[in-house]
Structure formats: structure tokens, C-alpha cells
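Examining the three-dimensional arrangement
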Amino acid sequence: MNEALEIRDVDSVAGSDLLDLYASVEWGAYTKDPKALATAIANSTYVVEARVAGVLIGLARGLSDDASVFYLQDILVRPEWQRQGVGTALLQRCLKRFSHVRQKVLLTDDLPAQHEFYESLGFRNTRHITEVELHAFVQIEGL
Ligand SMILES: CC(C)(COP(=O)(O)OP(=O)(O)OC[C@H]1O[C@@H](n2cnc3c(N)ncnc32)[C@H](O)[C@@H]1OP(=O)(O)O)[C@@H](O)C(=O)NCCC(=O)NCCS
């Protein structure tokens, strides 16, 4: 990476920057409703962004009670910037901010790349945990 990568905590992100980033990874559920996306960012407990030369190239956001749980809801990096450590830098910052919180949780698809990414940062797939039987239950519209 030649240009300087800037990673920082933010309270808000311009709507056009958000739409551009989320569209780059084809997250249509968000981009079809820009107002809901703006609300989701504004009401997240923690938002960290990555920029290069002012351009938003990545973002992670999560929800937390700041005591017992941190839930990572989104992490995304523009395709042309992937596999260069940006996702790691974003998630490490989340983990540092919530290092005092015992339970860090996320849901992800059945894609080996995503599994490798989360495993590289210390997350364990509940399917592979043998010490205890752990099950995740969700209600997701449309499923
Ligand atoms: C998942 C995502 C955020 C990872 O960000 P990234 O900046 O590319 O990740 P990093 O460069 O920090 O990768 C760290 C490690 O994760 C693993 N990893 C990341 N992408 C991978 C891929 N495509 N295939 C295999 N392993 C991968 C590797 O172990 C990698 O280390 P290495 O490059 O030294 O081998 C990014 O691929 C992305 O935005 N994907 C689209 C959106 C998405 O699916 N988000 C997650 C939703 S649950």
C-alpha cells in the first residue's frame, strides 16, 4: 500500500460515501434504503472508517453495552483494497476498543474467505467449538 491509510473512529459518515462503499461490495439490502443505512450508522455504538487520500475504502461498525457484549454488524473493504490488511486493521481496532468485553459476536455467510478472515483474528466458528455445545439462534426477515 503506497498511499497513507487512515483509520479513525467516527460519529458520522457522509451518505454518498456510505452508499458508494456499500455498493462496491454489492450489499443491496443496505443501498436500497439509504435512509435506513444512515440510521444504522448513526445509531451504532462504534464506527471505524478507513480512508486513503480522503476516499472511504473500508468501514466496520458494531453495537455494544460496553460491559458484556460487542456485536460486529458490518465490516467491509472496497474490492480493490481487499487482501491488504485493511479489514484486519478495522477489526483489530474494534477488538481493542472492546477488549474489556468478554463476548464478541458476529454472524457470517458460509464463505471460506470470510471464515479465514475471522479465524485469523481469533474468532471461532461455533460449529467447531467442542468445549461446550454452543448454538446461535436468529430471526432474520426472509429466512
Ligand atoms: C471480509 C473482508 C472485510 C476482509 O477484509 P480484507 O481487508 O480483505 O482482509 P485482510 O487483508 O485484513 O485479510 C486478513 C486475513 O484474512 C484472510 N482472508 C481475507 N480475505 C480472504 C480471501 N478472499 N480468501 C482467503 N482468506 C482471506 C487471510 O487469512 C488474510 O491474511 P493474508 O492476506 O495474510 O492471507 C473483505 O474481504 C470484504 O469487505 N468482503 C466483502 C464484504 C464482506 O463479506 N464482509 C464480511 C461480512 S460477514
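Report follows, based on the coordinates.

What counts, and where the lines are drawn
Residues numbered from 1 in each chain as written. Predicted model: local features only at pLDDT ≥ 70, side-chain atom pairs only at ≥ 80, totals over all residues. Heavy atoms only, no water. Helix = DSSP H or I, 4+ residues; strand = E, 2+ residues; numbered from the N terminus. Contact = heavy atoms within 4.5 Å. Buried < 20%, exposed > 50% of the residue type's maximum accessible area, 1.4 Å probe, protein only. Arc of directions from axis to C-beta. Axes fitted to C-alpha atoms, helices over the stretch in contact; angles between N-to-C directions. Parallel < 35°, antiparallel > 145°, perpendicular 65-115°, else oblique. Phe/Tyr/Trp six-rings, centres within 6.5 Å; stacked < 30°, edge-to-face > 60°. Lys NZ or Arg CZ within 6 Å of the ring centre and 35° of its normal. Pairing = 2+ DSSP bridges.

1. Re the side chain of His-115
Position of His-115 relative to the elements: it lies in helix α5 (residues 112–120). Apart from the residues within four sequence positions on either side, His-115 is in contact with Thr-108, Asp-109, Asp-110 and Asn-125.

2. Section: helix α3 (residues 34–42)
Among the residues of α3, Leu-37, Ala-40 and Ile-41 are the ones counted as buried. An end-on view of α3 places all buried positions within 95 degrees of arc, on one side of the element. Opposite the packed face of α3, turned more than 90 degrees from it, sit the exposed residues Lys-35 and Ala-42. At its buried positions, α3 is contacted by α1 (15–24), α2 (28–31), β2 (46–52) and β3 (55–64).

3. What to know about the packing of α1 against α3
Contact geometry for α1 and α3: axes closest at 10 Å, N-to-C directions at 100 degrees. The angle between α1 and α3 places the two elements in the roughly perpendicular class. Where α1 approaches α3, its residues Leu-18, Leu-19 and Tyr-22 are matched on the opposing element by Pro-34, Leu-37 and Ile-41.

4. Details of the packing of aromatic side chains
For the structure shown, the criterion picks out 7 aromatic pairs. Members of the aromatic cluster, joined through ring pairs, are Tyr-22, Trp-27 and Tyr-30. Here the basic side chain of Arg-97 rests over the ring of Phe-98, its NZ or CZ set 4.3 Å away from the ring centre.

5. As for the pairing of β3
In terms of burial, β3 is a largely internal element, 8 of the 10 residues being buried. Pairing of β2 with β3, which is carried by 7 bridges, proceeds in the antiparallel orientation. Its bridge partner being in β3, Val-48 is matched across the sheet by Ala-60. Once β2 ends, the chain turns through 2 residues before running back antiparallel as β3, passing Ala-53 with a positive phi of about 50 degrees. Relative to strand β4 (residues 69–77), β3 runs antiparallel, the two sharing 7 bridges. Looking across to β4, one finds that Ser-64 is bridged to Phe-70.

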